[in-house]
Amino acid sequence: MASETIAITGTAEIGRPISERLHDWIVTVDHKKLGILYIVYSLIFLVIGGVEATIIRVQLIVPHNQFVSPQVFNRMMTMHGTTMIFFVAMPILFGFGTYLIPLMIGARDMAFPRLNAFSFWMTAFGGLLLYFSFVGGNGLYGAGNAPDVGWWAYAPLTSRAFSVGHSTDFWTLALLVSGVGSIGTAVNFITTILCMRCPGMTLGKMPLLAWLNLVMGGMVILAVSPLTAAQAMLCIDRYLGGHFFDTQAGGSAVLWMHFFWIFGHPEVYVLIIPAFAFLSEIVPVFSRKPIFGYPVMVAATVCIGFVSLSVWAHHMFTVGMNSYANSFFTITTMAVGVPTGIKIFNWLGTMWGGKIHFRTPMLFCIGFLFQFLIAGLTGIMLGASPFNWQLSGSYFVVAHFHYVIVGGILFALFGAFYYWFPKMSGRMYDEVLGKCHFWLFLIGFHMTFDFMHIPGILGMPRRIYTYEPGRGWEIWNLIVTIGVVFQAAGVLVFVVNLLWSLFKGEPAGNDPWDAWTLEWSTTSPPPDYNFATIPVVHSRRPLWDLKHPEDPDWKYE
Amino acid sequence: MSKIAGIGVLIAGFLLAARLCFGGPADPSQIPSIFRPQSTPADSIFRLSMVVLTITGAIFAVVFCLLVYAISKYRRRGDDDGREPPQVYGSNQVEIAWIVIPVLIVLVLFLVTARVIHSIQDAPQPPGAIEVVAIGHQFWWEFRYPALGVVTANELHVPVSNPSHPTPTFMTLSSADTDHSFWVPRLAGKTDLIPNRINHMWIEPHETGVYLGQCAQYCGTQHAKMLLRVYVDSPEQFDRWVQEEKKPAVLNGSAEQGRQVFETTACVNCHAISGTVADGRFGPDLTHLMSRDTIASGAAPNTPEQLKLWIRNPDAIKPGSLMPAMQLSEKDLDALTTYLETLR
Amino acid sequence: MSAAVVAPTRTEPEWILPSRGRVGMISLIVAECAIFTIFVVAYIFYIGKSLSGPMPKDVLEIPIFNTICLLSSSLTIHLAVRALRSARVNAFGLWWFVTMVLGTIFLVGTGREWQHLIFEKGLTVSTNLFGTTYYSLVGLHAFHVTVGLIGIVLAMIFTLLGKVEPVHGERVEVFSMYWHFVDAVWVVVFTVVYIIGR
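Residues numbered from 1 in each chain as written. Chains lettered and ligands numbered in written order. Predicted model: local features only at pLDDT ≥ 70, side-chain atom pairs only at ≥ 80, totals over all residues. Heavy atoms only, no water.

With that out of the way, let us pick up the packing of helix α9 (residues 323-351) of chain A against helix α10 (residues 360-383) of chain A. Residues and elements named next belong to chain A. Here α9 crosses α10 at 160°, and the two axes come no closer than 10 Å. With respect to their mutual orientation, α9 and α10 come out roughly antiparallel. Crossing angle aside, the handedness with which α9 passes α10 is left-handed. The segment α9 lies against α10, with T330, T333, M334, T340, I344, W347 and M351 engaging M362, F368, L369, F372, L373, I380 and G383. For the contact of α9 with α10, the class distribution of residues is 10 nonpolar, 4 polar and no charged. (Axes fitted to C-alpha atoms, helices over the stretch in contact; angles between N-to-C directions. Helix = DSSP H or I, 4+ residues; strand = E, 2+ residues; numbered from the N terminus. Parallel < 35°, antiparallel > 145°, perpendicular 65-115°, else oblique. Left-handed = near helix turned anticlockwise from the far one by under 90°. Contact = heavy atoms within 4.5 Å. Nonpolar A, V, L, I, M, F, W, Y, C, P; charged D, E, K, R; others polar.)

The next point concerns the interface of chain A and chain C. Every contact between the two is made by 44 residues of chain A and, on the other side, 36 residues of chain C. Counting across the interface, chain A meets chain C through 0 salt bridges. On the surface where chain A and chain C come into contact, there are 9 residue pairs in polar contact (both at pLDDT 80 or more). Element by element, the count of residues in the side of chain A that touches chain C is highest for helix α6 (residues 208-239) of chain A, at 9 residues. Tallied by class, residues from the side of chain A that touches chain C come to 29 nonpolar, 14 polar and 1 charged. (Salt bridge = Lys/Arg side-chain N within 4 Å of Asp/Glu carboxyl O. Polar contact = N/O pair within 3.5 Å; in protein donor to acceptor, adjacent residues only side chain to side chain.)

To continue, consider the interface of chain B and chain A. Each partner contributes to the interface: chain B provides 95 residues, whereas chain A provides 106 residues. Where chain B abuts chain A, roughly 8500 Å² becomes buried across the two surfaces, and 70% of that area is made up of carbon and sulfur atoms. At the junction of chain B and chain A, the tally comes to 3 salt bridges. Across the pair B:E84 and A:R288 runs a salt bridge whose closest N-O atoms are separated by 2.6 Å. Where chain B meets chain A, there are 35 residue pairs in polar contact (both at pLDDT 80 or more). Contributing elements (two or more residues each) for the side of chain B that touches chain A: α1 (2-21), α2 (40-73), α3 (92-121), β7 (191-193) and β9 (209-215) of chain B. Sorting elements by how many residues they give to the side of chain B that touches chain A places α2(B) first, with 17 residues. Residue composition of the side of chain B that touches chain A, grouped by class: 55 nonpolar, 25 polar and 15 charged. (Buried area = accessible area lost by both parts, 1.4 Å probe.)

Attention shifts here to empty space enclosed by the protein. Residues and elements named next belong to chain A. For the structure shown, the criterion picks out 7 cavities of 30 Å³ or more. Roughly 210 Å³ of volume is contained in the largest cavity. For the lining of the largest cavity, the element with the highest residue contribution is helix α7 (residues 253-287), accounting for 4 residues. Its residues assigned to classes, the lining of the largest cavity shows 10 nonpolar, 2 polar and 5 charged. Estimates place the volume of the second largest cavity at around 80 Å³. F86, M90, P91, F94, T123, L175, S178, G179, S182, V224, L227 and F263 are the residues that line the second largest cavity. Elements represented by at least two residues in the lining of the second largest cavity include exactly α3 (70-104), α5 (167-195) and α6. The residue inventory of the lining of the second largest cavity, partitioned by class, reads 8 nonpolar, 4 polar and no charged. (1 Å grid on protein atoms, 1.4 Å probe; cavity = no way out; pocket = protein on both sides within 12 Å on 5 of 7 lines; lining within 4 Å. Points joined across faces, edges and corners; volume = space filled by probe spheres on them.)

Turning our attention to helix α4 (residues 89-120) of chain C. Residue and element names in this part refer to chain C. Look at α4: 46 Å from first C-alpha to last across 32 residues, which is about the 46 Å you get at 1.5 Å a residue. Within the sequence span of α4, burial applies to F92, G93, W96, T99, M100, L102, G103, F106, G109, T110, E113 and L117. Buried residues in α4 make contact with α2 (56-59), α3 (64-85), α5 (129-160) and α6 (169-196). G122 sits one or two residues past α4 and shows a positive phi near 70°. (Expected span 1.5 Å × (residues − 1). Buried < 20%, exposed > 50% of the residue type's maximum accessible area, 1.4 Å probe, protein only.)

What follows deals with the sheet that holds strand β6 (residues 180-183) of chain B. Residue and element names in this part refer to chain B. Taken together, 5 strands build an open sheet; the order of strands is β4-β10-β9-β6-β7 and the sheet is mixed. The sheet is open, and its two edges are formed by β4 (155-159) and β7, each paired on a single side. Across the sheet, the mean angle from the axis of one strand to that of its neighbour is 30°, orientation sign disregarded. Examined bridge by bridge, β4 and strand β10 (residues 227-233) share 5 bridges and lie parallel to one another. Residue pairing across strands places P159 opposite D233, the latter belonging to β10. The strands touched by helix α4 (residues 235-246) are β4 and β10; relative to β4, the strand with the most contacts, the crossing angle is about 130°. (Pairing = 2+ DSSP bridges.)

This next bit is on the pairing of strand β2 (residues 140-145) of chain B. Residues and elements named next belong to chain B. Of all 6 residues in β2, 5 are buried; the element is thus mostly enclosed. Pairing between strand β1 (residues 130-137) and β2: 5 bridges, direction antiparallel. Considered in β2, the bridge of I135 is made with E142. In this antiparallel pair of consecutive strands, β1 and β2, the connection spans 2 residues. Linking β2 to strand β3 (residues 150-153), which pair antiparallel, is a turn of 4 residues; within it G149 sits at a positive phi near 70°.

Listing the buried residues of helix α8 (residues 330-340) of chain B in full gives B:L333, B:A335, B:L336, B:T337, B:Y339 and B:L340. As for α8(B), its buried residues are in contact with α5 (256-264) and α7 (304-312) of chain B.

Each disulfide consists of a covalent bond between the sulfur atoms of two cysteine residues. Using the criterion set out here, one finds 0 disulfides over all chains in the structure. For the unlinked cysteine A:C198, the closest cysteine sulfur is that of A:C195, found at 14 Å. Looking at A:C198, the relative accessible area reads 1%, which means it is buried. With no disulfide of its own, B:C215 lies 3.9 Å from the sulfur of B:C219, the closest cysteine sulfur. Residue B:C215 is classed as buried on the basis of its relative accessible area, which comes to 0%. (Disulfide = S-S within 2.5 Å.)

Before going further, it helps to spend a moment on the pairing of β3(B). Pairing between β2(B) and β3(B): 4 bridges, direction antiparallel. Across the sheet, B:Y145 pairs through a bridge with B:V150, a residue of β3(B).

So, on to the packing of aromatic side chains. Residues and elements named next belong to chain A. Summed over all chains, the structure comprises 87 aromatic pairs over all chains. Judged by centre distance (6.1 Å) and plane angle (20°), the rings of Y419 and W513 are stacked. Taken together, the residues span a long stretch of sequence, with Y419 in helix α12 (residues 395-425) and W513 in the loop between α15 (474-504) and α16 (542-547) at a distance of 94 residues. Classification of Y419 by relative accessible area gives buried; the value is 1%. Owing to a relative accessible area of 6%, W513 belongs among the buried residues under this scheme. Measuring from ring centre to ring centre gives 6.2 Å for Y467 and W473, while their planes differ by 50°; the resulting arrangement is tilted. Side by side, Y467 and W473 carry an identical accessibility label, which is buried. A cation over a ring is seen here: R541 above W516, with NZ or CZ 4.4 Å from the ring centre. (Phe/Tyr/Trp six-rings, centres within 6.5 Å; stacked < 30°, edge-to-face > 60°. Lys NZ or Arg CZ within 6 Å of the ring centre and 35° of its normal.)

In this section: the confidence of the model for chain A. Residue and element names in this part refer to chain A. Summarising the model, chain A shows a mean pLDDT of 95, and 96% of its residues fall at 70 or more. By mean pLDDT, helix α1 (residues 18-27) is the weakest element of chain A at 93, and α12 is the strongest at 98. Within the model, the stretch residues 1-11 combines pLDDT values under 50 with 12 contacts to residues more than four positions away or in other chains. (pLDDT = per-residue confidence, 0-100.)

It is worth spelling out the packing of helix α1 (residues 20-45) of chain C against α5(C) at this point. Residue and element names in this part refer to chain C. Closest axis-to-axis distance for the α1/α5 pair is 9 Å, and the angle between their directions is 160°. Taken together, the axes of α1 and α5 lie roughly antiparallel to each other. With respect to the hand of their crossing, α1 and α5 are arranged in left-handed fashion. Of α5, the residues touching α1 (which contributes E32, I35, F36, F39, V40, A42 and Y43) are F130, T133, Y134, S136, L137, L140, H141 and H144.

In structure tokens, the structure reads:
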């Protein structure tokens, strides 16, 4: 294959001073380096967010615990949520997309490489700004403190009257800045996917990862913008004396909720759709079959994209909307479960009749399938408005969304890590350590998040720094906290595996998985220019066509 | 195999959990489980939740079994010949089936749910209903009974409702500061208290007793200790309670010194005691403080020691609450507490 | 050898994809529309809800002249782009200059309107809900006009330095899409603030 004939052997790399190599990384506009920067950045914040979660769980291990004060707890719960959504989940998914999309569509880079770099640095700066709040939150004279208003920052708790000092402003500005980065990345994704596909790769022939990131990009530009607008309004309230959310002046607290959730709900689909993309690439390869029902998968995703813009007020069922509004949001919420369920069935259909290889990426994907099924079903429960009146604001909801984000998205991310790590680094990870990570994390995940549903059913609200004994909550909180140990152990094994394999892993070769999409036709890691000559494709699996010239895909679809 | 064993452990855990949800070894009346309703709206929600759980449970069982079957039957065997399996790209019939069936399920679920939404939210208020206005504060609950002339805090008294002559309690909710949420799981789903907005909810308890709940919308530092106690009284007990609450404060001559302390310090800025000059609205009404089982919105039992501690150093009980440490001398503190102890 | 099998009997159709500049600008415009929608929704929601202070009908005067200038600038920028595409660089420069002037008149007019509202009518962003939503919405739009005007001025400078050529037609056209968007938003803002809201 011509794309690998002039491989950079790396001899030119040795001997370059570290300062020069560091400078390369800082000024790079290469999508592969930026992708890795996003991923490494997110992993660091994953650990920090995990520490915050651990502090929360230690405080809640027994009732009336005094591990941290209520003020510190409230900052931990705010920062944990904000960090995980904006500085772990979003950047890491953007990172994988940035790395993979040009390679998978046969392009040399993204449509706007400098915008790509700008977007990354905006996101990175946003995270640093948020964490600076620990030091600078109260201005120069007070000890700093981080925002403590919850990651949704409901009004009027965020007004100057109830949020003294600048901690809330750090929340607002950090997210405004990183929001600009997100919109930039989304514009880049959309433009790259629509305008830079290699010859022959019509929209119907591009990998599902490209399709799903296209839909995700569309959702980001429609959803993150309302958050930006709402935060601008909050700044106007806090600094220019505005009254957008000032209930004393006739303003509406519910208006903030609408604006926030018009962002907040599509946001979670922005997070899950790239996870779906990973599943759609990994499950076929490890089942040795093409994805079942490609057109339906595309249609379902587009459907999810549109319908998810209409469900936001299911986060507001308790706010006192009338019965017609509650009914409307009930049906849209349940409706969005249909295309989502269809995807699970299609992955099942992909595995059906195949030959499943239980390598680490596939283990994580199988975990995803079971867990996302459960998460989706608890979501349907929460979508039934009266049931929601009991379950919302409780640990049942916390369990539900962690099931989606950890049991779904994080599992899919781990799968993606193990799957594409050989391509990005040129080395294989250690399979034994990988499986060890999977089992440890699986046990910890289920210990924590299965049993977390129960205190919610027993009446335990969320965002409380302590709870009363004698309500039947103690045993469940204990089990939930113990599960953290296993998850931490799993993540530790993961980090060790990554680092060790980076330096000592077996050379991976171009195509360790015998896969079918274009990224596996380059060297591992790919050269700066990706492809020596731009490929021409005729089907959804160009490498299958090459490996099976007697039975190419383009004969069938 | 170890996966199956692990699944078995989880199922056992869930069964244990279910047992506990429905009332386990802890004093069952103190467990605010949504699955042990004792009031009409909570009953409706419980019945709906059983339907939803049955349907979602069935979906789970079917898909779970299919997934387990797929990963075991189609795993690559040790003696695999390395050939690729038949490359199947899709099937229109199968796709249609698994689109149509979920749509029908969603339709059924929605219709069942919509009925319950309307039956709870659009329920008419019967003539015998008790009316309560609840106003949320950081971090306590204000309860007013406008028709009965009663003002109290944190502990809500309502009469039990007899189906032949219903006396539900219809509540109007709002807030003086940030968002709060009234959640007593065994009596009803939660409804938020939002400033500059009036919300409505109702409860119709079937059995007397004390029902526990707490604020369910993050409202600031002491959100966790904005606890709720709802006392469902027999009709006679409720009438007696109302009669006592309507009375102005007890005037006990032996506590005159304490009353002086109260009325000449900042206490009157925040608290009201009817029949005296104290008419503050920022904090709870103290006219019948001693009729309550707890203080500080449930954060501490209502005993003289706790009361003294609360006045001396609120942060010891509820750090971050808006009650200031009153900086009184021990003598004044004693007198004040003695006075407050007379406010039955 | 290329990286895919090319069946010898098949002729490859011409591979044309949309231009990056256009798709990128459209995506940006969609994002901006979403932002403006939120401010417009807030404005409409708060119509009539101010608890005090000057009401719209007391203080607002319909900015007809400003509007005519801004909307005409859409026409003139379109003419400028057409001129550049047909290699008439001088005509381009002229129409571009007129666009710049019209945009500047709009901004100056907005500034004067605000000066009148603040100093003579006592309406500021903190006066009441109307003040907050009015200045935010009109201000957000004016901010976008300003950004566009900076771009126009830059291009004007390049034109005067003789650096703009017909080959830049695509780039200028993509920029003009932004300007048309700004004008379209003004139609909405104008309708909501000066017609519906009064």
